[in-house]
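A closer look at the structure
One letter stands for each residue in the lines below.
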Amino acid sequence: FGVLVMFATADQLVSDILPFVLPPERISVQDAAEQYMLLKGGGGLAPWKPYKTPYMLEPMNCMTSRLYTSVDFMGCARSGKTEALLKALVCHAVKCDPSDVLIVHMNQNESEYFSKTEISPMLQAHKELRICLSNIARDNNVGYIRLKAGNVIKLAWPTDATFRGKSFKYVLIP
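Just so you know, these numbers come straight off a predicted model, no measurement behind them.

Two orientations exist for strands paired in a sheet by backbone hydrogen bonds: parallel and antiparallel. With mixed pairing, four strands are arranged side by side in an open sheet as β4-β5-β3-β6. Pairing within the sheet leaves two strands with one partner each, and these edge strands are β4 (144-146) and β6 (170-172). Looking at each pair of strands side by side, their axes are set apart by 10° on average, direction ignored. In this sheet, β6 lies alongside strand β3 (residues 101-104) in parallel orientation, the contact comprising three bridges. If you follow V101 over to β6, its bridge partner there is Y170. Most of the contacts of helix α4 (residues 81-95) go to β6, to which it runs at about 155°, and overall it touches β3, β5 (152-156) and β6.

Right under this line is the structure:
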């Protein structure tokens with residue numbers, strides 16, 4: 001006897017596709033971080049708050065401005081740079097500006113560690129970011145995260161092949 005195959009209903013297809021057919025939200029990186037970014041701390045997850053690092057607001061909003069081709073920021077350790085300039089932009093690229101993002105760490109081990117401890121947990125923590133992740137298991141691994149909108153987040157380390165023949169809207173170097 002044949003195997004019973006389940007097909008999707010029209011309602012399921014529309015509900016799955018609709019968020020990606022509608023235009024994305026047009027909000028700043030700061031607003032995207034406030035709405036979608038949950039940070040580890042105090043034994044749980046807490047929303048990102050701009051008043052804790054007010055000096056990061058201008059640089060993080062400059063990252064998507066057409067007035068600048070790059071944003072370079074040097075600051076002291078543990079001052080909120082990673083959250084404001086990397087993780088917030090990834091949130092923005094996932095939810096508000098579906099774009100390819102390349103994050104280049106100093107070596108393979110650091111890249112994998114950052115992916116496992118920072119990027120993947122952040123994308124899994126908020127429902128609105130989690131639904132943007134591809135449902136196909138091979139699309140979400142340590143070095144490569146594909147989203148339903150078709151954009152990717154690639155975590156790599158500096159090699160010739162990392163930059164050759166690739167087009168990324170955002171290249172982030174922590």
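That shown, we press on.
Before going further, it helps to spend a moment on the pairing of β3. Of the two faces of β3, the one holding V101 and I103 and the one holding L102 and V104 are both buried throughout. Looking at chain direction, β3 and β5 are connected through four bridges and run parallel. Counterpart to V101 in the pairing with β5 is I153.

Averaged over all residues, the pLDDT of the protein equals 90, while 97% of them reach at least 70. Looking across the protein, the model is least confident in helix α1 (residues 10-21), with a mean pLDDT of 79, and most confident in β3, with 97.

To continue, consider the packing of α4 against helix α5 (residues 108-125). For any two helices packed against each other, one specifies the crossing angle of their axes together with the interaxial distance. Where α4 meets α5, the closest approach of the two axes is 11 Å, and the angle between their N-to-C directions is 50°. Here α5 runs oblique to α4, going by the angle between their axes. The way α4 lies across α5 gives a crossing that is right-handed. Contact residues: α4 offers T82, L86, K87, V90, C91 and V94, while α5 offers F114, E118, I119, M122 and L123. A per-class count over the contact of α4 with α5 returns eight nonpolar, one polar and two charged.

This next bit is on the state of the cysteines. Summed over the entire model, instances satisfying the criterion amount to zero disulfides. Just so you know, C62 is unpaired, no disulfide at all, and the nearest cysteine sulfur is the one on C96, 17 Å from it. Relative accessible area serves as the criterion here: at 15%, C62 is assigned to the buried category. There is no disulfide at C76, and the cysteine sulfur nearest it, in C62, is 19 Å away. Taking relative accessible area as the criterion, C76 reaches 57% and is therefore assigned exposed.

Criteria and thresholds
- All residue numbers refer to position in the chain's written sequence, counted from 1.
- Given that the model is predicted, a residue must reach a pLDDT of at least 70 before its local features are reported, and side-chain atom pairs must reach 80 or more before they are shown or counted; all residues, however, enter totals for whole chains, interfaces and linings.
- The side-chain quantities take in all heavy atoms of the structure and omit both hydrogens and water.
- Strand pairing requires that DSSP identify at least two bridges connecting the strands.
- The helix count covers DSSP runs of H or I at least four residues long, the strand count covers runs of E at least two residues long, and both are numbered beginning at the N terminus.
- Note on geometry: axes are lines fitted to C-alpha atoms, helical ones only across the stretch in contact, with angles between N-to-C directions running from 0 to 180 degrees.
- Only heavy atoms enter the contact rule, under which two residues are in contact if any of them lie within 4.5 Å.
- Per-residue accessibility, obtained with a 1.4 Å probe over protein chains only, is compared with the maximum for each type, and a residue is labelled buried under 20%, exposed over 50%, and partly exposed between these values.
- One number per residue, pLDDT, summarises how confident the predictor is, and it ranges from 0 to 100.
- Oblique is the label for every angle not falling under 35 degrees (roughly parallel), over 145 degrees (roughly antiparallel), or within 65 to 115 degrees (roughly perpendicular).
- What makes a crossing left-handed is the near helix being turned counterclockwise from the far one by less than a right angle; a clockwise turn instead makes it right-handed.
- Under this grouping Gly is polar, as are all residues other than the nonpolar Ala, Val, Leu, Ile, Met, Phe, Trp, Tyr, Cys and Pro and the charged Asp, Glu, Lys and Arg.
- Two cysteine sulfur atoms form a disulfide, by the criterion used here, when they sit within 2.5 Å.

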